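Read off the chains here:
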Amino acid sequence: MAATEVRAQARAAAPQDIIELWPDAPEGALHPGMTEVIEQTSTSPGYSSRRTNGISRPYMISLPAAQPNGSAMLIIPGGSFQWNYFEHEGYKVADILNRAGISCFVLIYRLAQDGWKEPAKVGPADAQRAMRVIRAQATRFHLDPARVGVLGFSAGGFLTTTLATRHSAAFYSPVDAADQFSARPFLAAPIYPVQSVDPTYAYGGVAPSLFGGPPTPAQIREWSPDLNVTSAAAPTFLVHAEDYDAVPVANSVRLRDAMVAAKITVETHLFAHGGHGFGVGGQPGSPDGLWLPLFLNFARQEKLFA
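Q: Just to check I follow, could you spell out the overall build of the protein for this structure?
A: Assigned secondary structure in the protein consists of eight helices and ten strands. Computed over C-alpha atoms, the radius of gyration of the protein comes to 17 Å, within 12% of the 19 Å expected from 2.2 N^0.38 for 306 residues, which places it in the range of a compact globule. If one aligns the C-alpha atoms of the protein with their principal axes, the spans along those axes are about 45 × 45 × 45 Å. For the protein, with 306 residues in total, the buried portion stands at 60%.

Below, the structure is given as C-alpha cells:
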C-alpha cells in the first residue's frame, strides 16, 4: 500500500498532508524493489492498530491542530526496527496533542530490518531530517520553528533519545537548504524506549537490527544515548512500565541518571503495570490513560506552549 493510501486511510477529522523527507530516494537499500506494506494487527471490533514496513522513501504525515498554538511534535512510532505502528503510537497520540493546540507530524521512517547498507544510521538520519524539514516549513504550518519537540515509542524511542542527545551528529550529508536548520528538539519524550545498546540492559533485538550481531565496545559507546548526554541534550520526559523485561526499565533509568548528572531537566514516570506498547489504545491495566496528561503538563512547564 502506497504512502498516498496511508494518507487516505488516516483520520478524516483533520487536514492531512504527506511530506516527503528527501528530494530523491535515499541510497543504500539492499532490496531496492521493496514496496510499502500495511497490516492490521487488531482483532478487536472497532479498534484499529495498523503497522507499515518496506519504507524506501520515508515521509511524514502532518496532522495540524485545529487551533494551533505555534508548537509542534514529531511523533515516531515503534515496531522493533521492523515496523512503524503508526496508529496507536501515531495518529491516536496526535489526536490528543492536537486538542492542546499542538500540531503533529507522524514519521514513517526507514527500518533497519528492511535492509540498508548502514542500518544503524537510517532511522536517526530520517529523524534528524524530519526535524529540519518541519522547521523549514514552519511558516506553512503556522509554527514557531523553535518550539518543535519529539515523542517516540520503543524503537522509535531509540530515535527520540538519539535526537535528544546526538542531534548534531552527522548521520547524513546535507542535501538542500532545509539542512541549515537545527535538528535539536525543544524537548524529547521517549516512551518505554529502546535506549542502551549495552547487552547488560538492552532490548535483545537492538544490536542484531542495527549491527547485524553483538555490539562492539565502540558501538556501545557510540550508539547508547545515555553515554552521549552533554549539556546540549534536550529536556526529557520519560515513561516506562516496570513489568516488561524485554525492554528493561533500566533503559529509561540509565538515561534519567545521565540527564541528572549533566543537569538536564528530566521528568520520569515508572508504572508498576502496563507492559510494553501501550501507546494510546485503552488496553486493560495499562497506563495509557495517565501518561499523556503528565506529558502535557511537562510540556507546558517547559514552555512548549502556554
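Picking up where we left off.
Q: Just checking my understanding: could you explain the pairing of strand β5 (residues 72-76) for this structure?
A: Within β5, five of the five residues are buried, leaving the element largely enclosed by the surrounding structure. Of the two faces of β5, the one carrying Ala72, Leu74 and Ile76 and the one carrying Met73 and Ile75 are both buried. Traced from β5 through helix α2 (residues 87-99) to strand β6 (residues 103-108), the parallel crossover comes out right-handed. Where β5 meets strand β7 (residues 148-153), five bridges bridge the pair, whose relative direction is parallel. In the sheet register, Ala72 faces β7, and the bridge partner there is Val148.

Q: So what exactly am I meant to see when it comes to the packing of aromatic side chains here?
A: Each aromatic ring pair is summarised here by two numbers: the centre-to-centre distance and the angle between the ring planes. This structure, assessed with the given rule, holds nine aromatic pairs. Measuring from ring centre to ring centre gives 6.0 Å for Phe81 and Phe158, while their planes differ by 70 degrees; the resulting arrangement is edge-to-face. Of this pair, Phe81 sits in the loop between β5 and α2 while Phe158 sits in helix α4 (residues 155-166), and the two are 77 residues apart along the sequence. Each member of the pair Phe81 and Phe158 is classed as buried. Ring plane angle 75 degrees and centroid distance 5.8 Å describe the contact between Phe153 and Trp291, whose orientation is recorded as edge-to-face. Placement of the pair is Phe153 in strand β7 and Trp291 in helix α8 (residues 288-301), with a sequence separation of 138 residues. The burial state of Phe153 is the same as that of Trp291; both residues are buried.

Q: How do you make sense of the pairing of strand β9 (residues 236-241) when you look at a structure like this?
A: Consecutive residues of a regular strand have side chains that alternate between opposite faces of the sheet. Burial within β9 is extensive, with six of its six residues counted as buried. Every second residue of β9 is oriented toward a common face, with Thr236, Leu238 and His240 on one face and Phe237, Val239 and Ala241 on the other, all of them buried. Pairing analysis gives two bridges linking strand β8 (residues 188-191) to β9, with the strands arranged parallel. Each residue of the ladder has a partner; that of Ile191, found in β9, is Val239. One ladder, built from six bridges, connects β9 with strand β10 (residues 266-271); its direction is parallel. Pairing of Thr236 across the sheet is with Val266, part of β10. Read from β9 through helix α7 (residues 250-261) to β10, the crossover connection turns out right-handed.

Q: Before we go on, may I ask you to explain the sheet that holds strand β4 (residues 59-63) in this structure?
A: Strand pairing in a sheet is mediated by backbone hydrogen bonds. Such pairs are either parallel or antiparallel. Here we have eight strands laid out as an open sheet, ordered β1-β4-β6-β5-β7-β8-β9-β10, and mixed in their pairing. The open sheet terminates on both sides in strands that have one partner only, identified here as β1 (17-20) and β10. Sheet twist, expressed as the average angle between the axes of neighbouring strands with direction ignored, equals 20 degrees. Looking at chain direction, β1 and β4 are connected through four bridges and run antiparallel. Paired with Glu20 across the two strands is Tyr59, which belongs to β4. The strands touched by α2 within the sheet are β4, β5, β6 and β7, with β5 carrying the most contacts at an inclination of about 160 degrees.

Rules used in this analysis
Residues numbered from 1 in each chain as written. Predicted model: local features only at pLDDT ≥ 70, side-chain atom pairs only at ≥ 80, totals over all residues. Heavy atoms only, no water. Helix = DSSP H or I, 4+ residues; strand = E, 2+ residues; numbered from the N terminus. Rg over C-alpha atoms; globule rule 2.2 N^0.38 Å. Buried < 20%, exposed > 50% of the residue type's maximum accessible area, 1.4 Å probe, protein only. Right-handed = clockwise from strand over helix to strand, strands pointing away. Pairing = 2+ DSSP bridges. Phe/Tyr/Trp six-rings, centres within 6.5 Å; stacked < 30°, edge-to-face > 60°. Axes fitted to C-alpha atoms, helices over the stretch in contact; angles between N-to-C directions. Contact = heavy atoms within 4.5 Å.

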